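Residues per chain, in single letters:
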Amino acid sequence: ACGINAEYGEREPPIIDMERELEMEREEEREERDENLSTFRYFPNTENEKFYNRFLSKKLRGKKSISFTELVPLAHTRKTAALAFYQLLLLKKYSHIELKQEKPLEDFDIFKL
């Protein structure tokens, strides 16, 4: 607090709480770091990142969602479908996409977040 020094009639310098100031600086740094992390997209491996950037994002461009059968047509092999499904599960785990399925064993929709 800043007050008047009665003896000299001068203003006393404000008392600075250094610990409080340091804690405020640390809090600002934490908020900035958290903001930077929220825009960063984590991919568990390079294959997953390639799948998202080169394949899935192009299929979803301009669309709200696509179905799994649109993403991997029935003409593809089981191996291709299984790999695509695995990549989608990883993307879901790291909050890049949302998956919705009405009933078990039916086609599901893929939504970009």
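In what follows, the structure referred to is the one given above.
Counting starts from 1 at the beginning of each chain's written sequence and moves along it residue by residue. Restriction of local features to residues with pLDDT of at least 70 applies here, the model being predicted, together with a cutoff of 80 or more for giving and counting side-chain atom pairs; totals for whole chains, interfaces and linings are based on all residues. With hydrogens and water set aside, each side-chain value is computed from the structure's full complement of heavy atoms.

Considerations on a positive patch on the surface
Every patch collects residues that have over 30% relative accessible area and no salt bridge, joining them within 9 Å if they carry like charges and within 5 Å if they are nonpolar side chains (Val, Leu, Ile, Met, Phe, Trp, Tyr). Areas reported as accessible are Shrake-Rupley estimates using a 1.4 Å probe. Residue values count occlusion only from the protein chains shown. Just to be clear on terms, a salt bridge is a Lys or Arg side-chain nitrogen sitting within 4 Å of an Asp or Glu carboxyl oxygen. A positive count includes Lys and Arg, and a negative count includes Asp and Glu. His and the chain ends are not counted in either. Each charge is placed at NZ for Lys, CZ for Arg, CG for Asp and CD for Glu. Side chains of R54, K58, R61 and K112 sit close together on the surface and give a patch of like positive charge. For helices the rule is a DSSP run of H or I covering at least 4 residues; for strands it is a run of E covering at least 2, with both sets numbered from the N terminus onward. Inspection of the secondary structure puts K112 in strand β5 (residues 108-112). Think of it in three bands: residues with accessible area under 20% of the maximum for their type are buried, residues over 50% are exposed, and the middle band is partly exposed, with areas taken using a 1.4 Å probe on protein chains only. Given a relative accessible area of 40%, K112 falls into the partly exposed group.

A few points about the nonpolar core
Across soluble globular proteins, nonpolar side chains have a tendency to be buried as a group. By nonpolar core we mean a set of buried residues, namely Ala, Val, Leu, Ile, Met, Phe, Trp, Tyr and Cys, connected to one another through side-chain atoms within 4.5 Å. Among the nonpolar cores identified, the biggest contains 16 residues, and L56, L71, L88, I97 and I110 are the most heavily contacted of them. For this core, the secondary structure elements donating two or more residues are α2 (46-60), α3 (68-71), α4 (78-93), β4 (97-101) and β5. The greatest single-element share of this core, amounting to 4 residues, is contributed by α2. Beyond its immediate stretch of four places on either side in the chain, I97 contacts Y52, L56, L88, L91, K92, I110, F111 and L113. Here, two residues are considered to be in contact whenever any of their heavy atoms come within 4.5 Å of each other.

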